[in-house]
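Residue-level structure breakdown
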Amino acid sequence: MTSTDTARVVHGPKRPGTPALEARGLTKHFPVHGGLRRGRVVRAVEDVSLALPEGTVTAVVGESGSGKSTLSRLLTRLTAPTAGELLLDGEPVGGSARARRAYAGQVHLVLQDPFSSLNAVHSIRYHLRRPLKLHHGLRGSELDAHAAQLLERVSLTPAERYLDKFPHELSGGQRQRVAIARGLAVRPRVLLADEPVSMLDVSIRLGVLNLLDELRERERLAILYVTHDIASARYLADTVVVMYAGQVVESGPAVQVTDAPAHPYTRLLLSAAPDPHRREPVVLRGRGAPPSLIDPPSGCRFHPRCPLAMPVCAETAPPVRPAAGDQVAACWLLDPERAPGTTPA
Ligand SMILES: Nc1ncnc2c1ncn2[C@@H]1O[C@H](COP(=O)(O)OP(=O)(O)OP(=O)(O)O)[C@@H](O)[C@H]1O
């Protein structure tokens, strides 16, 4: 592969066949409504192309404000894109109400805070029976049998112990499992998990990550794992996609990206030693701040913070280039003609 500035690079696990979900050139600009910058836009996500094949986990990592949540909301269609398109099983996703309902059945969002998605006044039985009724038309004893199966699929066993409990009677990890079980009731093919463990105690995070891994393996789900914690991304994901200031700066096999990062920003993320007790979004203090997404820096958006920046970095955005194998990065250091120690032709 040579410079890829003319061809669009699709980030995500490399698997033969059609991905369950694919994003092409997803872009989101939020209009600014008040203040001095009224009429301008926040460039939250810029031209992101991503493929999520079944049976794989793709992690999107980056510090606070890098656009991770906006990307996952674009993938759920909760946010309308400024540009770009989504393909489900290779077919462009339609805009009709029917197409939206079908999409919502296939692509499920797992929220950070399971409390916000479970209703305190209803039992677990109610939460699980409802989607089974609405989406699959189940009735009577079938409902309880299927609700119990859902709990077993998320390792809440014996199911009878949980069915009549209320959300507040469960631990955070158990609530997240119930929220995932309820999502599974609709039989999705894609799970979008946005910081699914960041609000849980450290001791139970691994259990929920392992559950996601089981679902990937056993049910062949395509999973997007959004996190600020690059160490957990390495643990769970096949592929890591690193975002900075709304753009993908690097992607590739998780072990490769975390063992031998090609982009200086990925190195910076890795050097901010992951604190497993961290609950708040990661901000890399002491090394400058992420840029304004209303007036992003010219050239490479990372150049004002980059310890290795060259003059070209402030002038021209770097194309995405191969680093090693399936690992790619958008950095001028990967250009043999620009890297330090070489003489431009
Ligand atoms: N509805 C909105 N209107 C205007 N700007 C928004 C909106 N939603 C997000 N943004 C802006 O888009 C940028 C990306 O935000 P986003 O929440 O996607 O980042 P993130 O990486 O998920 O951060 P965090 O980890 O803190 O949630 C930020 O500058 C944010 O302020």
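Here the structure is a predicted model, which is why all the values come from computation and not from measurement.

Here the focus is the overall build of the protein. Of the regular secondary structure elements, the protein holds twelve helices and twelve strands. Computed over the C-alpha atoms, the radius of gyration of the protein is 21 Å, within 12% of the 20 Å expected from 2.2 N^0.38 for a compact globule of 345 residues. Principal-axis analysis of the C-alpha atoms gives the protein an extent of 75 × 50 × 45 Å. Of the contacts made within the protein by residues no fewer than 6 positions apart, 67% connect residues no fewer than 24 positions apart.

Side chains that are three or four residues apart share a direction in an α-helix, a result of its 3.6 residues per turn. Its 13 residues give helix 4 (residues 124–136) an end-to-end C-alpha distance of 18 Å, which sits within 8% of 18 Å, the value for a rise of 1.5 Å per residue. Among the residues of helix 4, Ile 124, His 127, Leu 128, Arg 129, Pro 131 and Leu 132 are the ones counted as buried. Packing partners of the buried residues in helix 4 comprise helix 5 (140–153), helix 6 (160–163) and helix 7 (172–184). Just past helix 4, the residue Gly 137 takes up positive phi, approximately 65°.

Phe 30, Ala 44, Ser 64, Ser 69 and Thr 70 are the nearest of the 14 residues found near the ligand. The element that contributes the greatest number of residues to the shell around the ligand is helix 1 (residues 68–76), accounting for three residues.

By secondary structure assignment, the location of Ser 232 is in helix 9 (residues 230–236). Here Ser 232 falls in the buried class, since 20 other C-beta atoms lie within 10 Å of it. In this structure the C-alpha to C-alpha distance between Ser 232 and Gly 325, which are 93 residues apart in sequence, comes to 22 Å.

For the bond running from Thr 157 to Pro 158, omega is -10°, close enough to zero to count as cis. In this fold, Pro 158 is placed in the loop between helix 5 and helix 6. Residue Asp 89 is not a glycine yet carries a positive backbone phi of 50°. Considering the arrangement of structural elements, one finds Asp 89 in the loop between strand 4 (83–88) and strand 5 (91–92). The residue Ala 245 is not glycine, and still its phi comes out positive at about 50°. Within the fold, Ala 245 resides in the loop between strand 9 (239–244) and strand 10 (247–253).

Moving on: the sheet that holds strand 1 (residues 21–31). As a general point, the strands of a sheet are linked pairwise by backbone hydrogen bonds and lie either parallel or antiparallel. Taken together, four strands build an open sheet; the order of strands is 2-1-4-5 and the sheet is antiparallel. Every other strand in the sheet has two partners, leaving strand 2 (41–52) and strand 5 as the edge strands with one partner each. One ladder, built from two bridges, connects strand 4 with strand 5; its direction is antiparallel. Across the sheet, the residue bridging to Leu 87 is Pro 92, located in strand 5. This element, helix 1, spans strand 1 and strand 2 of the sheet and lies at about 120° to strand 1.

Take the pairing of strand 1 next. By the bridge criterion, eight bridges tie strand 1 to strand 2 in an arrangement that is antiparallel. Counterpart to His 29 in the pairing with strand 2 is Arg 43. Two strands pair when backbone bridges link them, and strand 1 and strand 4 are joined in this way by five bridges, in the antiparallel orientation. Its bridge partner lying in strand 4, Thr 27 is registered against Ala 83.

In the numbering used here, UniProt assigns the "domain: ABC transporter" (unreviewed entry) feature to residues 21–270. This span, residues 21–270, is 42% helix and 26% strand, and a straight line between its end C-alpha atoms measures 28 Å.

This part is about the environment of Gly 299. Along the chain, Gly 299 turns up in the loop between helix 11 (264–271) and helix 12 (311–315). The residues contacting Gly 299, other than those within four sequence positions of it, are Cys 313, Ala 314, Glu 315, Thr 316 and Ala 317.

What follows is about the sheet that holds strand 12 (residues 327–330). Strand order in this open sheet of eight strands is 6-7-8-3-9-10-12-11, and the pairing throughout is mixed. Two strands lie at the open edges of the sheet, namely strand 6 (107–110) and strand 11 (320–324), each paired on one side alone. Sheet twist, expressed as the mean angle between neighbouring strand axes with direction ignored, is 20°. Bridge count for strand 6 against strand 7 (residues 190–194) is four bridges, and the pairing is parallel. By the bridge assignment, Val 107 is partnered in strand 7 with Val 190. Packed onto the sheet, helix 11 meets strand 3 (56–61), strand 9 and strand 10 and runs at close to 100° relative to strand 9.

For the rest of this paragraph, the subject is the packing of helix 7 against helix 8 (residues 202–219). The relative placement of two packed helices comes down to the angle between their axes together with the axis-to-axis distance. For the pair helix 7 and helix 8, interaxial distance at closest approach is 9 Å and the crossing angle is 15°. With respect to helix 8, the element helix 7 is oriented roughly parallel. Here helix 7 runs over helix 8; the crossing is right-handed. For the pair helix 7 and helix 8, contact is made by Gly 172, Gly 173, Gln 176, Arg 177 and Ile 180 and by Ile 204, Gly 207, Val 208 and Leu 211, respectively. Among the residues forming the contact of helix 7 with helix 8, the class breakdown is four nonpolar, four polar and one charged.

How each quantity is defined
- Residues numbered from 1 in each chain as written.
- Predicted model: local features only at pLDDT ≥ 70, side-chain atom pairs only at ≥ 80, totals over all residues.
- Helix = DSSP H or I, 4+ residues; strand = E, 2+ residues; numbered from the N terminus.
- Rg over C-alpha atoms; globule rule 2.2 N^0.38 Å.
- Contact = placed C-beta atoms within 7 Å.
- Expected span 1.5 Å × (residues − 1).
- Buried ≥ 20, exposed ≤ 12 C-beta atoms within 10 Å, placed from the backbone.
- Near = placed C-beta within 6 Å.
- Pairing = 2+ DSSP bridges.
- Axes fitted to C-alpha atoms, helices over the stretch in contact; angles between N-to-C directions.
- UniProt positions renumbered as here; feature names shortened; annotations may be inferred.
- Parallel < 35°, antiparallel > 145°, perpendicular 65-115°, else oblique.
- Left-handed = near helix turned anticlockwise from the far one by under 90°.
- Nonpolar A, V, L, I, M, F, W, Y, C, P; charged D, E, K, R; others polar.

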